Amino acid sequence: MNPFNNPMPPHQRHPTPHPALAGAPTQAVHPTPVRAHAVRPSTVLASSAELAQRQQALAHAALQLKAELFGIDDVIDRVINAIRAWYVLPQLITRPVIVCLWGLTGTGKTQLTRRLAQLLGFYDRFVEVQMDGFSHGASYRSSSISGMLGDSGIHEGMPGILVLDEFQRFRTVDTKGADVKVERYQDVWTLLSDGRLPPALSALSNIERKLADAHYEAERAEDDDDRAGKKPYRFQLDAWDAQELKRMLKLQEPLSVIMQWPPAKVQALFASFQQSSHAWETDYSKLLVFVCGNLDEMYHETAQRVEDCDTDADIFHRLTRKLSLIDVKKALGERFKPEQIARLGNEHVVYPSFSKATYERLIHNLCTRYVDDIAAQCGVRFAIGQDVLSELYANAVFPAQGTRPLFSSVHAILSANLVNAALWVVQEQLSLEQEFAIHLAPDKRHLLVSGQGPSGPVQAAFAVTLELNRIKQRANADFRALLAVHEAGHGLAYCVLFGHAPQEVKINIASFEGGYNSFSSLKATTRQNALDMMCVGLAGRVAEELVFGEMACTTGRGRAGLQAGDGRSGALHPPPWLWRAAGPHRCHRGDGQPRQHRHRPQQRSHRGADAAAIPARPGAADHAP
């Protein structure tokens, strides 16, 4: 029946509700404001001077961290704000404060927690646990978090810092969604819940058994002829039992005193402890817990691009800055159960990969440290030129791998040559009042050290190995010219059709033999976008034909990546003939993340489009020289 032609009156079609439901008109419910209750007389109030001192200490720690750890100022600010209540007013804390730090390797997660503990005066109450279970394998109690906390300087009910590092390795769900058997640290989830750990009942039973053994041995000793007339033993308990007793019964006496207690006294303490079961659980509710790890699932394939030294670090940086709490939750869902993810809370701090400016600042800081050390030890002062710093960046930075490869390369390139240069200055008896300039030779295979000698300028050359430079120059000049024309064709067509330049156009690269254009991803691909990207994908071949002629065109056109939309976004799929001409087909989902579909033509296989987290490289070519 058409509802607009219904002859029944509205009051009959919609009868009056039941009298029990048709009461007075519903009134808006206004929530009661939250107000503080009166302070109890026994409450000890924190003084304003004490609060101001703690705030100042926290601000000083933030400034110091920013001066030492480059490129993570936003991360430091967020961590400081997350722990402010825990540090300034610990009386407010009734459950552990959990801060999760996620990022690519080598971005300073663990270093931040260690340095923060030092700056805040908590390094004596600082426990770091490697969640892979191998860092503390020497201790028999290292299989539980409670055992490690019990052996630390963190006292029950008092603030302390616990770092759970490499947390991604503590996975409880495998790649197929099945449960993973976990041998170590099973009490970590209880700790993260409310900070209260139940007693180890098995340990209590062991102590009770050992007390019974002590009584048994004492009775036998009275009848032993060998012990007749001799002084009784001073220590009744061994060191291990005394330590376990101290931890379980929460005793304050030193071990040497507990070891001398007779079995009767220990039995009385044990019975008293059993009767007060409310004191059994251990209170670590005032802990600050840092959960650190690398979630490769969150970074898609970025973390796996260990060989990529060509993509601009700023591209990685812009992409990883977009990651959010939702991305973290999705990645955690690949490794942990939902109830376990809930216990980690919502304070998830995501580290972006370092930008180019950060890497340049790191290189400058490292070089300054090297020349300062040489000056302090030998009295020789060096000044490293900008050309050397630029080549260090080009040969040491792998954006997806953080600082560790950078430190390694800078040490390998500079340390030995600085020592050799200092020895040269000393042997030549040059004046130490001057500053010796260090530049790169035109062949980029030697470092040139220049100074003033007794009779005029002097210079020495020291061989240096720049491995990535050597790899980038492996192609001959003709091949590089071909690559330049081919990639310029892609880039020019992209500029004309999309109104802006590609993110990158490169030909002299190290990670593969060829070149590429890097394009921005699209949140949605229209029919026109798909047609334009088809033109961009074929523009490399057209550029070769315009410059070299039709008969000199190469099969590199089969290397060109093609960017189009898939069926879900309503864009156009390329026809079969275009597959043969353009090679790989790269699609974009509606959420802006590119997806990769490879077509393998009869020509040699090629790198084609790269990881999903990095924009397409449609012009990647693999021409033979």
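Quick look at the structure, then. Here the structure is a predicted model, which means the values were calculated and not measured. (Residues numbered from 1 in each chain as written. Predicted model: local features only at pLDDT ≥ 70, side-chain atom pairs only at ≥ 80, totals over all residues. Heavy atoms only, no water.)

With that settled, consider the overall build of the chain. Assigned secondary structure in the chain consists of 20 helices and 16 strands. Considering the chain as a whole, with its 625 residues, one finds that 44% of them fall into the buried category. For the chain, the accessible surface area stands at approximately 33400 Å², while carbon and sulfur atoms represent 54% of it. (Helix = DSSP H or I, 4+ residues; strand = E, 2+ residues; numbered from the N terminus. Buried < 20%, exposed > 50% of the residue type's maximum accessible area, 1.4 Å probe, protein only. Areas by Shrake-Rupley, 256 points an atom, 1.4 Å probe, with all protein chains shown as cover.)

Let us look at the pattern of salt bridges. Counting across every chain of the model gives 17 salt bridges. A salt bridge links Arg470 to Glu467, with the nearest nitrogen and oxygen atoms 2.5 Å apart. Linking Arg470 with Glu467, this pair stays in helix H17 (residues 467-472), spanning three residues, or about one helical turn. Take Glu467: its relative accessible area is 38%, and that puts it in the partly exposed class. Between Arg541 and Glu545 there is a salt bridge; the shortest N-O distance is 2.2 Å. Remark: Glu545 and Arg541 occur in helix H19 (residues 527-548); sequence separation between them is four residues, near one turn of the helix. (Salt bridge = Lys/Arg side-chain N within 4 Å of Asp/Glu carboxyl O.)

Of all six residues in strand S1 (residues 97-102), six are buried; the element is thus mostly enclosed. Side chains of S1 alternate between two faces, with Val97, Val99 and Leu101 and Ile98, Cys100 and Trp102 buried alike.

Right, let's get into the pairing of strand S9 (residues 435-440). As a general feature of sheets, a regular strand has side chains that alternate between the two faces. Residues Phe436, Ile438 and Leu440 line the buried face of S9, whereas the alternating positions Glu435, Ala437 and His439 sit on a face that is not buried. When strand S8 (residues 381-384) meets S9, the two strands line up parallel, connected through four bridges. Paired with Arg381 across the two strands is Glu435, which belongs to S9. Pairing analysis gives four bridges linking S9 to strand S10 (residues 446-453), with the strands arranged antiparallel. Note on S10: the bridge partner recorded for Ile438 is Val449. As consecutive antiparallel partners, S9 and S10 are separated by five residues, and within that stretch Lys444 has a phi angle of approximately 55°, a positive value. (Pairing = 2+ DSSP bridges.)

Let's shift gears to the environment of Ser193. Inspection of the secondary structure assignment puts Ser193 in helix H6 (residues 188-194). When its relative accessible area of 30% is taken as the criterion, Ser193 is described as partly exposed. A sequence separation of 147 residues divides Ser193 from Gln340, and the C-alpha atoms of the two residues are 9.2 Å apart.

Packing of helix H14 (residues 356-378) against helix H16 (residues 404-427) brings their axes to within 11 Å, and their N-to-C directions diverge by 30°. By the angle between their directions, the pair H14 and H16 is classed as roughly parallel. Between H14 and H16 lies a crossing whose hand is right-handed. Here H14 contributes Tyr359, Leu362, Ile363, Leu366, Cys367, Tyr370, Ile374 and Cys378 to the contact with H16, which in turn contributes Leu406, Phe407, Val410, His411, Leu414, Ser415, Leu418 and Ala422. (Axes fitted to C-alpha atoms, helices over the stretch in contact; angles between N-to-C directions. Parallel < 35°, antiparallel > 145°, perpendicular 65-115°, else oblique. Left-handed = near helix turned anticlockwise from the far one by under 90°. Contact = heavy atoms within 4.5 Å.)

Moving on, we get to the side chain of Ser415. Secondary-structure assignment places Ser415 in helix H16. Judged by its relative accessible area of 17%, Ser415 is buried. Here His411 takes part through its backbone oxygen, which lies 2.4 Å from a polar atom of the side chain of Ser415. Once residues lying within four places of it in the same chain are set aside, the contact partners of Ser415 are Tyr370 and Val410. (Polar contact = N/O pair within 3.5 Å; in protein donor to acceptor, adjacent residues only side chain to side chain.)

By size, the foremost hydrophobic cluster in this structure holds 69 residues, and its most contacted members are Phe290 and Phe382. The greatest single-element share of this core, amounting to nine residues, is contributed by H16. Ignoring sequence-local partners within four residues, the contact set of Phe290 consists of Val79, Ile83, Val99, Leu101, Thr113, Leu116, Ile161, Leu162, Val163 and Leu164. Counting 37 residues, the second largest nonpolar core, distinct from the first, contains Val129, Ile145, Tyr299 and Ala303. (Core = buried A, V, L, I, M, F, W, Y, C linked by side-chain atoms within 4.5 Å.)

Our focus in this paragraph is the sheet that holds S10. Remark on secondary structure: sheet strands pair via backbone hydrogen bonds, oriented parallel or antiparallel. What the four strands build is an open sheet, ordered S8-S9-S10-S11; its pairing is mixed. Strands with a single pairing partner mark the edges of an open sheet, and in this sheet they are S8 and strand S11 (456-463). On average, each strand axis in the sheet is tilted by 25° relative to the strand beside it, whichever way the strands run. The strands touched by helix H15 (residues 386-396) are S8, S9 and S10; relative to S9, the strand with the most contacts, the crossing angle is about 45°. Packed on one face of the sheet, H16 meets S8, S9, S10 and S11 and runs near 145° to S11.

Our next topic: helix H12 (residues 325-332). All of the buried residues along H12 are Val328, Ala331 and Leu332. Buried residues along H12 cover an arc of 100° about the axis, so they all sit on one side. In H12, the exposed residues that point more than 90 degrees away from the buried face are Ile326 and Lys330. Buried residues belonging to H12 abut S1, helix H13 (338-343) and strand S7 (348-350). (Arc of directions from axis to C-beta.)

Summed over all chains, the structure comprises 13 aromatic pairs. Aromatic side chains Tyr123 and Phe126 sit 5.3 Å apart centroid to centroid with 25° between the ring planes, which places their arrangement in the stacked category. We classify Tyr123 as partly exposed; its relative accessible area is 42%. The exposure class assigned to Phe126 is buried, which follows from its relative accessible area of 15%. Relative to Trp189, the ring of Phe167 lies with its centre 5.8 Å away and its plane at 80°, an arrangement referred to as edge-to-face. Of this pair, Phe167 sits in the loop between strand S3 (160-165) and H6 while Trp189 is found in helix H6, placing the two residues 22 residues apart along the sequence. Across the pair, Trp189 and Phe167 agree in class, each one buried. Above the ring of Phe122, the side-chain terminus of Arg125 is found at 4.1 Å from the ring centroid. The ring of Tyr393 has Lys356 sitting right over it, with the charged end atom 5.5 Å from the ring centre. (Phe/Tyr/Trp six-rings, centres within 6.5 Å; stacked < 30°, edge-to-face > 60°. Lys NZ or Arg CZ within 6 Å of the ring centre and 35° of its normal.)

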